[in-house]
Amino acid sequence: MKGGEIVNLTLTAKVRILPNEEQQSLLLKTRKAYMDACNEVSDYISSTHILNVAMLNQALYCSLREKYGLRSQMAQSVLRTVVARYKAILENQHEWIRPEFKHAELDLVWNRDYSLKAEVFSVNTLEGRVKFPFFSQGMESYFDGSWKFGTAKLVTKHGKWFFHIPMTKDIPEVSDAGISNIVGVDLGINFLAVSYDSQGKTKFFHGRHIKQKRAQYKKTRKSLQKKRTPSARRRLKKIGQREHRWMSDVNHQVSKALTAQNPSGSLFVLEDLTGIRQATEKVALKHRYETVSWSFYDLQEKLRYKARRNHSAVILVDPKYTSQRCPKCGHIHKLNRNKKTHIFTCRKCGYQSNDDRIGAMNLYRKGIEYLWSTVAAG
């Protein structure tokens, strides 16, 4: 973390629009036409293997507009959408697999297919531009001219209408010299996270109820897997998606709280948990699901981008001995920690505390060592 460099901050804003019934009908019609056009282009690319947008435009542009009633920029957007999907498949699977557009979708290019001002959302449809009111609370900071708006996706959920819009902003990375607060963050199961900062303050994010809910998901999944019916498989998929959304929201709330409770110029120090899956194979079988499938990486990434936005930073350090080292005298012994009671008691100096708090304290010390090493190297 040298600092002074410009980094790209990207996030997705979920903007809820408020179309009336007539506008909803028009949006559905536009989205259906867009999906059908995508499938026609997908068929053409599957047979020709042409991925050059200019060549596709020459071959298909007129027919897309006439057959599906697409506006000029929307026809161009269809071509780009399908080409991007093919390129992703080729990059990941290294073979020509025809993507099928089953779910109605609508991609809109900023300033061509949609525009967004402080009070009005304007969208291109089959019948021209349509304007909607939208919930603008929390969006005010995005209209200061420093954010770039990307291609928006129209999403409907429970009868509500949203546009998911990627937004990017170039911000200077915080320098080592600009660090004024160090926060050790220990991630775990009984506590989602425990933090320890430069003021000696500890914050616990309780996770026992999360562990219990995940165990319930596991029990339901196991019961459905035994049935082996099409309806059971469909429900399994829905449950998996629901659990993922729920856990993602939990991680969002924890990372948001961590950045909100600490000032700009904070350095968050976390364990490098790259090998967490292999490490947890030694965990008892009955607890392995909650441990191996725990979304540590997702929480780290959410904290990373929220920290950047707050002009702070995240570093990952070697987790070796963070749960066995006494933060007071430095004595290391595996028996210092009692995993059953979650109490750490140093066998040398007698210092005692919660074992997750000990982990956060040791990560805080590693943050200090990191800054000292960068000063010495400079």
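Numbering of residues starts from 1 in each chain and follows the order in which that chain's sequence is written. At least 70 in pLDDT is required for a residue's local features to be given in this predicted model, at least 80 for side-chain atom pairs to be given and counted, and no such filter applies to totals for whole chains, interfaces and linings, which use all residues. Side-chain descriptors were evaluated using all non-hydrogen atoms of the structure, hydrogens and water having been removed beforehand.

**Student:** So what exactly am I meant to see when it comes to the sheet that holds strand 3 (residues 114-116) here?
**Tutor:** Through backbone hydrogen bonds, the strands of a sheet pair up, either in parallel or in antiparallel fashion. When DSSP locates at least two bridges between a pair of strands, those strands are taken to pair. Only DSSP runs of H or I with at least four residues qualify as helices, and only runs of E with at least two residues qualify as strands; both kinds are numbered from the N terminus onward. If you walk across this open sheet you meet the three strands as 3-4-5, and the pairing is antiparallel. With partners counted over all chains shown, the strands left at the sheet margins are strand 3 and strand 5 (128-132), one partner each. Mean inter-strand twist for the sheet, computed between neighbouring axes without regard to direction, equals 15°. Bridging between strand 4 (residues 121-125) and strand 5 involves five bridges; their strand directions are antiparallel. Note on strand 5: the bridge partner recorded for serine 122 is lysine 131. Between two residues, a contact is recorded if the distance between any of their heavy atoms is within 4.5 Å. Simply put, an axis is a line fit to the C-alpha atoms, just over the touching stretch for a helix, and the angle between two N-to-C directions goes from 0 to 180 degrees. Most of the contacts of helix 1 (residues 21-48) go to strand 5, to which it runs at about 130°, and overall it touches strand 4 and strand 5.

**Student:** Just checking my understanding: could you explain the sheet that holds strand 11 (residues 202-206) for this structure?
**Tutor:** Overall, mixed pairing links the five strands, which are arranged 11-10-9-12-13 in an open sheet. Each edge of the open sheet is held by one strand with a lone partner, namely strand 11 and strand 13 (313-317). Sheet twist, expressed as the mean angle between neighbouring strand axes with direction ignored, is 20°. Lying over the sheet, helix 5 (residues 230-260) contacts strand 9 (181-187), strand 10 (191-197), strand 11 and strand 12 (266-271), oriented at roughly 10° with respect to strand 10.

**Student:** Mind showing me how you'd approach the pattern of salt bridges here?
**Tutor:** Oppositely charged side chains can pair when the atoms bearing their charge come close. For this analysis, a salt bridge means a side-chain nitrogen from Lys or Arg found within 4 Å of a carboxyl oxygen belonging to Asp or Glu. Throughout the structure, instances matching the rule amount to nine salt bridges. Lysine 302 is the partner of aspartate 298 in a salt bridge, and the nearest nitrogen-oxygen pair spans 2.8 Å. Placement of the pair is aspartate 298 and lysine 302 together in helix 8 (residues 296-309), with a separation of four residues, close to one helical turn. Accessibility here uses a 1.4 Å probe with only protein chains present; expressed as a share of the type maximum, an area under 20% marks a residue as buried, one over 50% as exposed, and anything in between as partly exposed. Residue classification places aspartate 298 among the partly exposed positions, given a relative accessible area of 24%. A single salt-bridge network, built from bridges that share partners, covers Arg214, Arg221 and Glu243.

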